[in-house]
Every structure is written in structure tokens, then in C-alpha cells.
Amino acid sequence: MKIGFIGLPNSGKTTIFNALTKSKAEITAYANTRGEPNLAVVEVIDERVIRLAEIYRPKKTTYAAIEFIDFAGLSEGSGKGDAFSGTAMGLIKGVDALALVIRNYPDDLMGMPSPLQDMDQIDLEMLVSDLAIVEKRLERIARFYQRGQKTEALQTEEKVLRKISAHLNGNQPVRTMELNGEEEKVIRGFQFLTKKPLMVILNSHESNFGRNEDLLDEIGKKHGAIEFAGHFEMELSRLEDKAEALMFMEDMGIERSARDRLTHFAYSLLGYISFFTVGADEVRAWTIRRGETAVEAAGVIHSDLSKGFIRAECFSYNDLLECGSEKGVREKGRFRLEGKNYVVKDLDILSIRFNL
Ligand SMILES: Nc1nc2c(ncn2[C@@H]2O[C@H](COP(=O)(O)OP(=O)(O)OP(=O)(O)O)[C@@H](O)[C@H]2O)c(=O)[nH]1
Ligand SMILES: [Mg+2]
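Calculation notes
- Chains are numbered independently. Their residues run from 1 in the order of the written sequence.
- Following the order in which they are written, the chains are lettered starting with A and the ligands numbered starting with 1.
- Confidence filtering applies because this is a predicted model: local features only for residues at pLDDT of at least 70, side-chain atom pairs given and counted only at 80 or more, and all residues used for totals across whole chains, interfaces and linings.
- At least two bridges found by DSSP between two strands are what make those strands a pair.
- Strands are runs of DSSP state E lasting at least 2 residues, helices are runs of H or I lasting at least 4, and numbering of each runs from the N terminus.
- Axes here refer to lines fitted to C-alpha atoms; in helices the fit is confined to the stretch in contact. Angles between the N-to-C directions go from 0 to 180 degrees.
- Residues are scored as being in contact if the C-beta atoms we place from backbone atoms lie within 7 Å.
- For the exposure call, what matters is how many other C-beta atoms sit within 10 Å of a residue's own: 20 or more marks it buried, 12 or fewer exposed, and in between partly exposed, using C-beta atoms placed from the backbone.
- We call a residue near a molecule or strand if the C-beta atom, set from the backbone, is within 6 Å of it.
- Gly falls in the polar group here, along with every residue not listed as nonpolar (Ala, Val, Leu, Ile, Met, Phe, Trp, Tyr, Cys, Pro) or charged (Asp, Glu, Lys, Arg).

Visitor: Summarise the sheet that holds strand S3 (residues 60-62); cite the residues concerned and give the values.
Guide: Note on sheets: strands pair through backbone hydrogen bonds, and any given pair is parallel or antiparallel. As summarised here, the arrangement of the six strands in space is S3-S9-S8-S12-S10-S11, forming an open sheet in which the pairing is mixed. Each of the sheet's edge strands pairs with one partner strand only, and the pair in question is S3 and strand S11 (336-338). For this sheet, the mean inter-axis angle between neighbouring strands, taken without regard to orientation, is 30 degrees. Together, S3, strand S8 (272-277) and strand S9 (282-289) form the strand contacts of helix H2 (residues 47-56), whose direction differs from that of S9 by roughly 145 degrees.

In C-alpha cells:
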């Protein structure tokens, strides 16, 4: 899973990125507009994987991974060009979800916080950016028509784009549109920003962290939101002494690490579930979207497994714990053979049979 941090300059994106990844990317009091994005991959430490490793004693244990990308701040008007172009845009398009960081602390340069306005501004920048893409493409289609190339495919595309344009002009993101399978396919290549799932990270000052319920409710009317005390949590993530870190967290009323909280929040918001593969060589966690099928899960492991898919041998993590062993699972009749279209459940343990 790839999550991209976006937000206005000096909202604390890099600070939060550092807190989550234990990186030491440079934090600047001045808007860093030309900087290349920071990238980091972190493991999702999962106690169920730890449990499975205790049972199977594999040579290797692999957790699911989340890739974080920290972009330079988007300033006013960036939707029309600059910050949404070049490398940054290419990377933004590749993310599975956007985390919009909103400043909720006073800043020497930017003044008092204005979280709701900031959120609306970024939402608008993204609408404008998508609208520009739609309009540009519509102009191209018109030129094709003028040259007599009025194909059915182009007409279908035009129809979908006009629908999207109306929606965006009504101040609504693409993600709230109901599109059928064909329409989805037509627009997939555009990678609209407002189609990406978006969560808000309210980056609060440590002095008022945990006391922003009204604000979070207000943000929640538009986007799923979670509160961080970015600066504080970055310092925490750097403490060598874990007991000390826990004590500070308790003082602040923070129950779990920033990384833990964001991971869980992202999984539930995006509708991700985990499945596992087990064996003497490797115990491994994988991530898919709720509703995806056995053959899609196979494809996450390797494209060959989906191409040559025969069936999935399957049992659930909970059954394994309850029955004590794989043998027990079989004896109790909980071991299943599933076909291509089986909808994978959270915590399924899969073994894909395939033939190329
Ligand atoms: N008080 C307080 N200050 C913070 C917090 N997070 C970041 N800052 C400060 O805000 C300034 C900007 O932080 P960055 O993390 O570099 O912000 P950014 O969003 O990455 O900025 P750009 O990359 O320039 O867009 C720095 O001076 C930070 O120390 C926070 O949670 N509380
Ligand atoms: Mg930054």
C-alpha cells in the first residue's frame, strides 16, 4: 500500500513522515517547494504474523509493508501547474491513498492555524487539477472529431468526461461519483486526484492534542480524520528508551504509536484486509481490498499464480488457533478448497494451486 502525504507548506508533513518512518528527512521552517519527495517503506508489525511464525517456525517472516511518500507543500494555485507536475505528480498518481496533513498549531511564518479553511483549499486545488485534465482531454477529443475521427470509443469517453466535469464543477470529488464498470475503465488512465481515497491527519500542537473533538467532527463531515501531535510523536519515535517513550505517550493520552494508529486507520478507511501465506520457508502477510477474490489475491503474490490459478486451499487464522494445528483444522472439517471467485476474508490463510 502506498500513502502520499499532501498539504499546505509547513503543515508538518515531513515531521509526521519522520515520526512514522523514523527517518531524518529535513524539516524546514521555510516552505520547501523544489524539494524532491521523501520516500520510506515501513513494516506493519502484526501480532498475528508473530503468532503464525511461532507455529510454523519459518526461515523468514515478512510483514505487510506500507510505502510513505512525503511531498513538498502545495501552495495556492498549485492545482493549475507547478506542484502537481513532473516527478511529484507522477508519484502522486501512483499512490493508493492520500493523507492530507492539516496544521493545527501556530506557526511563525503562517500565523494562527485555520484547519477547516486549509482543508477546503486543498480540496479545491485537487478539484481544479482534475478539471484541468478533463478539459484538456475534451479539447483533444474535439480535435479528433474535427478530423473526422468520431469513433464510438471517443464518444463514450467524451460522455464520461462531461459527466465528471459537471460533478467537479459542482464542487464534488470524483470519488463520490457512481460510475459503472465501463465508465471506470474509460477513466482509469487519468488517475484523478479526487478519486483517490483521502484521509485527514489533523496535526495538533501537543498542548491541545486530544481536545479537538468538535474540529474533528467538522472535518469528519467531509473526510475520515485522525489526530496526531506530529512534533511530539517524531521526538517519541526517536527515543531509544522504550519505557520512557511509553510513559510520555501515557501522559499525552496517546495509546499507540503514530505508525500503529495510522496503519489501522488506513486499513479500515480504505477497506483493506490481510491474508497470510504460511510454510516452513516463509510466513507472510499480504494486503488486498475487501471484496477481492481468490484469483485477485493470487495475483498480489505473483502474476503467474493468477494466470495459472487452479484453486485456493484455505482456512482461517482463527480456526488454526482454535484447532491448534493445520492437522486439527482438517480433522474438524474447516479446511476448504475454493475457486477463482471465492471472496477472500480477513485473516484467511491461503495456498494457491496453479499450473502454467
Ligand atoms: N508546534 C508544532 N510545530 C510543528 C509540528 N509539526 C511541524 N511543526 C513545525 O512546522 C514547521 C514545518 O514542518 P515540516 O514538517 O517541515 O512541514 P512540511 O509540511 O513538511 O513543510 P513543506 O515540506 O515545506 O511543505 C517546522 O518548523 C516544524 O518544527 C507540530 O506538531 N507542532
Ligand atoms: Mg516537507
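Visitor: Residue-level account of the environment of Asp319, with values.
Guide: Looking at where Asp319 falls in the secondary structure, it is placed in helix H13 (residues 317-323). Placed 28 residues apart in sequence, Asp319 and Leu347 show a C-alpha to C-alpha distance of 10.0 Å. In this structure Asp319 touches Val329 and Arg334, once residues within four positions along its chain are discounted.

Visitor: With reference to specific residues and values, describe helix H1 (residues 13-21).
Guide: Across the nine residues of H1, nine count as buried, placing the element largely inside the fold. Of the positions making up H1, those classed as buried are Lys13, Thr14, Thr15, Ile16, Phe17, Asn18, Ala19, Leu20 and Thr21. Lys22 sits one or two positions beyond H1 and adopts a positive phi of about 55 degrees.

Visitor: Please provide a residue-by-residue account of the site of ligand 1, values included.
Guide: Among the 22 residues in the neighbourhood of ligand 1, the closest are listed as Gly12, Thr14, Thr15, Gly73 and His231. Going through the elements one at a time, H1 and helix H8 (230-238) are the ones with two or more residues in the shell around ligand 1. With three residues, the single largest contributor to the shell around ligand 1 is H1. Classifying every residue of the shell around ligand 1 gives seven nonpolar, 13 polar and two charged.

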